[in-house]
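# Tertiary structure, described
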Amino acid sequence: MLNFLLRRGLATAPVLLIVAVIVFLLLRMTPGDPAAAIAGDAASAQDIARIRMQLGLDESILVQFARWLGQVLRGDLGHSFFYRMSVTDLIGQRLEPTLSIAAVTVVLTVLIALPLGVLAASRRGGRLDRFIMGASVLGFSVPVFVAGYAMIWLFSMQLGWLPSQGYSRIADGVGPWLRNLVLPCITLAVMYAALIARVTRASVSEALTEDYVRTARAKGIAEWSMLLRHALANAAVPIATVIGLSVAGLIGGVVVTETIYAIPGLGQLTVDAVLSRDYPLIQGITLFFSLVYVVVNLLVDLSYLLLDPRIRY
Amino acid sequence: MALHLSPRHAAAAALSALALTFGAGAGAETVLRTVPSSDLKILDPIWTTANITRNHGLMIYDTLFAMDEKGAIKPQMVDKYSASADNKVWTFTLRPGLKFHDGAPVTSQDVIASLARWAKRDTLGQKMYEAMDSIAAEGPNGFRMSFKQPFGVVLDALGKPNPLVPFIMPKRVADTPADRQIEEMIGSGPFTLAKEDFRPGDRIVYRKNTAYVPRKEPASGLAGGKVVHVDRVEWVLLRDPQTQANALLNGEVDMLETVPSSGYAGMRTNEKIELVDVMPAGPYTVVYNHKVPPFDNPKALRAAMLAINQEALLRAQATFRDFYKPCISIYLCGSTYASDKTGFYTGKPQFEEARKLLKESGYDGKPVVILLPGDSPALNKLPAVYGQLLKQVGFNVDVQTTDWATLVTRRTKKDLPENGGWNAFITFWGGVDASSPIGYSPLTGNGDQGYFGWPTVPELETLKSKFIATTDLAQRKEIATRIQQLVLDNGVLAPLGEVRAPTAVRRGVITGLLPSPGVLYWNVQKKQSPQ
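Note that the coordinates shown come from a computational prediction; the quantities given were computed from them, not determined experimentally. Throughout, a residue's number is its position along its own chain's written sequence, starting from 1. The order in which chains are written sets their letters, starting at A; the order in which ligands are written sets their numbers, starting at 1. The model is predicted, so local features are restricted to residues of pLDDT at least 70 and side-chain atom pairs to those at 80 or more, both for listing and for counting; the totals for chains, interfaces and linings are taken over all residues. Only heavy atoms go into the side-chain values, all of them from the structure, while hydrogens and water stay out.

## Quick look at the overall build of chain A
What chain A contains, in helices and strands, is 14 helices and zero strands. Summarising its shape, the C-alpha atoms of chain A cover approximately 85 × 55 × 35 Å along the three principal directions. The 313 residues of chain A split such that 48% are buried. For chain A, the share of sequence-separated contacts (at least 6 apart) that also reach a separation of at least 24 residues comes to 72%. The accessible surface values rely on the Shrake-Rupley method and a 1.4 Å probe; as for residues, cover is taken only from the protein chains in view. Per element, the accessible surface of chain A, about 14,800 Å² overall, is 70% carbon and sulfur. Side-chain charges in chain A split into 24 positive and 19 negative, and the spacing between the mean points of these groups amounts to 10 Å. Here a strand is any run of E in DSSP of at least two residues, a helix any run of H or I of at least four, and the numbering for each starts at the N terminus. Type-normalised accessible area, obtained with a 1.4 Å probe on protein chains alone, sets the label of each residue: buried when under 20%, exposed when over 50%, and partly exposed for intermediate values. Note on definitions: a residue-residue contact is assigned when non-hydrogen atoms from the two residues lie within 4.5 Å. Residues scored as positive are Lys and Arg, those scored as negative are Asp and Glu, and His as well as the terminal groups of each chain are ignored. We put the charge of a Lys on NZ, of an Arg on CZ, of an Asp on CG and of a Glu on CD.

Dropping the structure here:
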């Protein structure tokens, strides 16, 4: 186990380095100049050239990369060209909304998807199964912006129950925090629950055909106990994998949802950074996202140990 | 009948009264929530020409002079001023009692340092300092400017409303080199920046500066008494137009600084919302690259200008007739220097003449590259329509879609279009930018030193210098008209007409918005929602 963690830890460094190099080079190859964006529309070419020099963009790519890498190795992701704040601080500011969305969405998703998936598997081929699977196809097919606007129209504009936009920090009270999260998280949970319900149904269905289930049934174990303690427990590994990927996806950027609900999360920050060619910010966020994927994957792998004692690393 | 209270009841009553007092105080805070027209990323108003940074500057800084709603420059921080008969010596005295947000008095040393930093970045400021012999303090509240040659636009420079605005900062802040952004946001304006609440890309919060002493005159445009009626102004950044509309209808924000044409249809008929014309309309212009073929040839250039159909272009971009207005003057129609003396240019297509000129120009049929900023809803339809108009004349057109960040980089290139250069792009100007020859950035004739497109029209620069030297309005108008004729004859730019973007407020909740180049938050009152 320790050996496994050590190997994974060591494997992370080259992954991050490769990501860093690719992102750095791609950004420099992409047209668009942050200096021109900073200077504004009425600025002259001389103004832009001066800003390029001040930002160090007139130096060779190699020098720029070496300087940035040196900073990163010292734990400093640099400063945003536009906001004049450290990239770490900016990511920190935007992390709370993103983590909040991810956490609440995952909880909602699991609460909806697992029972529905297990129920569909237990009634395989029946009306309920067909209904749940049909609904899950619908849930997965409806674009997030359609679901989002529909929910705003109903719950905010018509019923007036919930705010149509914005994010309230958890420090300002759990009530307002949750109120602002309900609609975006339901919007996302509809899609993720549909996906996970289908995976759950498939895994549990497969488990239900195994010999140990037949044995359990022959021994007269109650159906619900057999479903939850035997079939679901044995089908948990692929479900955990999909949930893990969903978490990484939610942290990695739910841009459309954040835009519709005006949530100042990491997805929105990424889009802003890309549109304005804020190189240090894009580089920092990309590294952060890479790290998130590596960590989530590691946690998913570790969860296999708990879910299936036969697995050894 | 006497009222008898037990000590316990008396204490409870006292506590209730206290709670009511403080509760009322806290609850009575008036918060105005508004959606700005773009994200505020750069806080130093001398660092960028972005309008949103200028608007931020107007909240926390004050200016020596300011433009009123009729376009006249009026004293703001200045109490008295005078100019010598030859416009070579100007003296100023500051209003008594001016204070920065940290309580320090505003002195002439602060003013001199602020103007020096501003002049290093602003084009008009640079011209002013080039013409200047000296600027010196006369006591704590007075200063004098002496010029080597007559300089008639001192007030226009000190009261200019378009970026870069000469905001007055404390000397210690203004001493920051002009090529480094300032760190401390201290001004003497009617609001203070709540830095602890500043969430980049999300929310910017300003508080009323309770120590601010407004001028006695009523507010007018950027001038007059800046009386603040709200305790707190929150700029809430909402990117999506539908989200903006929802938030306004739901009462989650009180106003949208600008309504995009896409949201107009739904809003103008909604009884909860009132559309107000705060900011003047602004013009669209085509900018041609004079460095590369075919627009290095005057005949091809004129052919391209003769293809312009303002009505068709504006209808495609702005959709609603009450959003746009054709205008052939290079200056904002209705402004002081607007003129109908435009020579050949009518803003209506003259295809026959254009085809003839294009043939005479010897155009070789190589693609004419027009840049289209796909991510800019205010500009992204014009290039395609203009491309079609040019095709009708005989140009081979290649409309290349890109994002705005790429466009602003690409327009700096002087290469041939096939090597990453360009032939034309279309952009938008604030009405105040286009109201005078000296503040209008693309009106340059000094080739490589000038605005993108780099036209060489030496007489244009000479005329601008003459404009700067005089204070006589009739003379200025005459020079401005001659500048317009030169600009059109030489294809420095071509005006495509004007568009406006109204401000949307919750009806009956927000009042007191002042006509101005940007949305201002003094004089604005917020009432409780009628819902």
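Read on, since the account is not over.
## Let's talk about a nonpolar patch on the surface
Residues and elements named next belong to chain A. Taken together, the side chains of Leu17, Ile18, Val21, Ile22, Leu25, Leu26, Met29 and Ile61 define a hydrophobic patch exposed on the protein surface, amounting to about 720 Å² of accessible area. In terms of residue count, the dominant contributor to the nonpolar patch is helix 1 (residues 2-29) (seven residues). With respect to the helices, strands and loops of the structure, Ile18 is situated in helix 1. Note on Ile18: relative accessible area 52%, which makes it exposed. Only residues whose relative accessible area exceeds 30% and that form no salt bridge are eligible for patches; like-charged ones are grouped when within 9 Å, while nonpolar side chains (Val, Leu, Ile, Met, Phe, Trp, Tyr) are grouped when within 5 Å. The rule for a salt bridge is simple: a side-chain nitrogen of Lys or Arg has to be within 4 Å of a carboxyl oxygen of Asp or Glu.

## A short note on the packing of helix 5 (residues 87-122) of chain A against helix 14 (residues 279-307) of chain A
Residue and element names in this part refer to chain A. Axis lines are fitted through C-alpha atoms, for helices just across the contact stretch, and the angle between N-to-C directions can take any value from 0 to 180 degrees. For the pair helix 5 and helix 14, the least separation of the axes is 10 Å and the interaxial angle reads 55°. Taken together, the axes of helix 5 and helix 14 are oblique relative to one another. Considering how the two elements wind past one another, helix 5 and helix 14 form a crossing that is right-handed. Residues Val87, Leu90, Ile91 and Leu95 of helix 5 touch helix 14, and the partners they reach there are Pro280, Leu281, Gly284, Ile285 and Phe288. Oblique is the label for every angle not falling under 35 degrees (roughly parallel), over 145 degrees (roughly antiparallel), or within 65 to 115 degrees (roughly perpendicular). Note on convention: the crossing is left-handed when the near helix lies turned anticlockwise from the far helix by less than a right angle, right-handed when the turn is clockwise.

## Details of the confidence of the model for chain B
Residue-level confidence of the predictor, termed pLDDT, takes values from 0 up to 100. For chain B, per-residue confidence averages 90 on the pLDDT scale, and 94% of positions sit at 70 or higher. Scoring the predicted complex yields pTM 0.84 and, for the interface, ipTM 0.81.

## Concerning the pairing of strand 15 (residues 282-288) of chain B
Residues and elements named next belong to chain B. Burial within strand 15 is extensive, with seven of its seven residues counted as buried. Think of it this way: DSSP has to see at least two bridges between two strands before they count as a pair. Examined bridge by bridge, strand 15 and strand 20 (residues 494-499) share five bridges and lie antiparallel to one another. Considered in strand 20, the bridge of Tyr284 is made with Gly497.

## Digging into the nonpolar core
Take the buried residues of types Ala, Val, Leu, Ile, Met, Phe, Trp, Tyr and Cys, join any two whose side-chain atoms come within 4.5 Å, and each joined set is a nonpolar core. One finds Leu64(B), Met145(B), Tyr288(B), Tyr386(B) and Phe395(B) to be the most contacted residues of the largest nonpolar core, which totals 185 residues. When residues no more than four places from it in sequence are discounted, the contact partners of Tyr288(B) are Phe295(B), Leu301(B), Ala304(B), Met305(B), Ile308(B), Tyr386(B), Trp422(B), Asn423(B), Ala424(B), Gly453(B), Gly491(B) and Ala494(B). Residues Tyr192(A), Ile196(A), Val242(A) and Ala248(A) belong to the second largest nonpolar core, which totals 46 residues.

## With respect to the packing of aromatic side chains
Residues and elements named next belong to chain B. In this scheme Phe, Tyr and Trp rings, the latter by its six-membered ring, pair at centre separations within 6.5 Å, and the angle between planes marks the pair as stacked below 30 degrees, edge-to-face above 60, and tilted otherwise. This structure, assessed with the given rule, holds 30 aromatic pairs over all chains. Site record: aromatic cluster; members linked through ring pairs are Trp422, Phe425, Trp429, Tyr440, Tyr451, Phe452 and Trp454. Counting as a charge over the ring demands two things of the Lys NZ or Arg CZ atom: a distance within 6 Å of the ring centre and an angle within 35 degrees of the ring normal. Above the ring of Trp47, the side-chain terminus of Arg121 is found at 5.0 Å from the ring centroid. We note Arg500 situated over the ring of Phe323; from NZ or CZ to the ring centre the distance is 5.7 Å.

## Points about unusual backbone geometry
A cis amide bond, omega 5°, links Pro163(B) with the succeeding residue Leu164(B). Position of Leu164(B) relative to the elements: it lies in the loop between helix 5 (154-158) and strand 9 (167-168). A positive phi angle is found at Arg84(A), which is not glycine, with a value near 55°. Positionally, Arg84(A) belongs in the loop between helix 4 (61-73) and helix 5. The exposure class of Arg84(A) is partly exposed, given its relative accessible area of 40%. Although it is not a glycine, Asn523(B) sits at a positive phi angle of roughly 70°. Following the sequence through the fold, Asn523(B) ends up in the loop between strand 22 (510-511) and strand 23 (525-526). Given the relative accessible area of 25%, Asn523(B) is considered partly exposed.

## With respect to the pattern of salt bridges
For the structure shown, the criterion picks out 39 salt bridges over all chains. When the shortest N-O distance is used, the salt bridge between Arg169(A) and Glu96(A) registers 3.6 Å. Here Arg169(A) is found in the loop between helix 7 (144-158) and helix 8 (174-208), whereas its partner Glu96(A) is found in helix 5, with 73 residues between them in sequence. Between Arg355(B) and Glu352(B) there is a salt bridge, and its shortest N-O distance comes to 2.8 Å. Residue Arg355(B) and its partner Glu352(B) are located together in helix 11 (residues 351-361), separated by three residues, close to a single helical turn. Since its relative accessible area comes to 33%, Arg355(B) is described here as partly exposed. Here Glu352(B) falls in the exposed class, since its relative accessible area comes to 59%. Several salt bridges converge on common partners, so that one network encompasses Arg33(B), Glu196(B), Asp197(B), Arg203(B), Arg207(B), Arg232(B) and Glu234(B).

## With respect to the sheet that holds strand 18 (residues 397-402) of chain B
Residues and elements named next belong to chain B. In space, the six strands of this open sheet follow the order 16-20-15-19-17-18, with mixed pairing throughout. Across the chains shown, the open sheet's two edge strands, defined by having one partner strand only, are strand 16 (324-325) and strand 18. The sheet contact formed by strand 15 and strand 19 (residues 424-428) spans five bridges and is antiparallel. Across the sheet, residue Val287 finds its bridge partner in strand 19, namely Phe425.

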